[in-house]
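A closer look at the structure
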Amino acid sequence: RAFIVTGIVAAGFAMAACGASPPTLPQADGDVISAGGDAGIFTTSGVTKIPISGTFNYAGEEPPGREFLNPNGNYHFWDNPVHTIFDGDVAGPVTFHEKGMITPDGGGVFSGPFEGDVTWDGRSGTISGQFTTNCRPDPTTGSSCDGVLNAKGSGGLDGVRFKFVWGPGFYPFPYTGTAYVK
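These figures come from a predicted structure and were not determined experimentally. (Residues numbered from 1 in each chain as written. Predicted model: local features only at pLDDT ≥ 70, side-chain atom pairs only at ≥ 80, totals over all residues. Heavy atoms only, no water.)

Okay, the state of the cysteines next. Every disulfide links exactly two cysteines, by a covalent bond between their sulfur atoms. Under the counting rule described, the total for this entry stands at one disulfide. Residue Cys-135 pairs covalently with Cys-145 via a disulfide, S to S 1.9 Å. For the disulfide bridge between Cys-135 and Cys-145, the dihedral angle about the S-S bond is near 110 degrees, and by the sign convention the bridge is right-handed. Placement of the pair is Cys-135 in strand β8 (residues 123-138) and Cys-145 in strand β9 (residues 142-155), with a sequence separation of ten residues. (Disulfide = S-S within 2.5 Å. Helix = DSSP H or I, 4+ residues; strand = E, 2+ residues; numbered from the N terminus.)

Now the structure itself:
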C-alpha cells in the first residue's frame, strides 16, 4: 500500500498498463460514441460537432471501497472516487469512480463511471458517462496515462454529448475531443 500512496493512486488517475504498447483509442469524431451506463449509444449524424480542448488536474481522492494485493504485486481496487478539476472548453469538478489494477512497474488499467457539474459554451449542467484508461511505466513521472471519456449532458447541457481523448502524460492531463449538439 505504501507504493500506491506514494506512487500511482495518491496521484489520482495513475492508471495502469497492459504492456508497453499504447492503447488503441476510438476516433474522437467517430460515427457512433458510447457514453456507457444510461447514456447509451449515440449516432452523430445530423448533429453539430464542436471541437473542445483543455486540461484536467488532480484535486484529491477518497479510499477505495474494496482493494487487495495479489502475491505477484498487482494492486486491485474498486470504487475509488478520484476528484479532478476540468479547465478549458469544459470546466468544473468531475469525480471518477475508478476500478482497476496497478502493476509493480507503475503500469495498469482503469475504468468506470464519472460525473460532474461543468460549464461548456456558456451552459451549465451535469455530465456523466464512462471512462477507460491505460498507463505505462514512465521513467520521469512513474506512469504515462491516456484514455477516453464519453459523456451525456443533462440539466443545462441536455442534448449534448461529449467525447474527450486525453493524455498521454500525467497530471495535469491535456484533453481534446468533440461536443455533439442536437
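That shown, we press on.
A few words on the confidence of the model for the protein. The pLDDT averaged across the protein works out to 81; a share of 75% of its residues lies at or above 70. Low confidence marks residues 1-41, where pLDDT is under 50. Its contacts with residues over four positions away, or in another chain, come to 138 contacts. (pLDDT = per-residue confidence, 0-100. Contact = heavy atoms within 4.5 Å.)

To continue, consider the nonpolar core. Core analysis: the biggest nonpolar cluster contains 31 residues, and Phe-86, Val-90, Trp-120, Ile-127, Phe-162 and Phe-164 have the highest contact counts within it. The set of elements that each furnish at least two residues to this core consists of β3 (48-61), β5 (75-88), β6 (90-102), β7 (108-120), β8, β9, β10 (160-166) and β11 (173-181). Once residues within four sequence positions are removed from consideration, Phe-164 is found in contact with Ile-52, Phe-86, Val-90, Ile-127, Gly-147, Val-148, Leu-149, Tyr-175 and Thr-176. (Core = buried A, V, L, I, M, F, W, Y, C linked by side-chain atoms within 4.5 Å. Buried < 20%, exposed > 50% of the residue type's maximum accessible area, 1.4 Å probe, protein only.)

Attention now moves to the environment of Trp-78. When you line up the elements, Trp-78 lands in strand β5. Each C-alpha atom, one on Trp-78 and one on Ser-111, is 9.7 Å from the other, the two residues being 33 residues apart in sequence. Non-local contacts of Trp-78, meaning those with residues more than four positions away in its chain, are made with Pro-64, Gly-65, Arg-66, Glu-67, Phe-68, Glu-98 and Lys-99.

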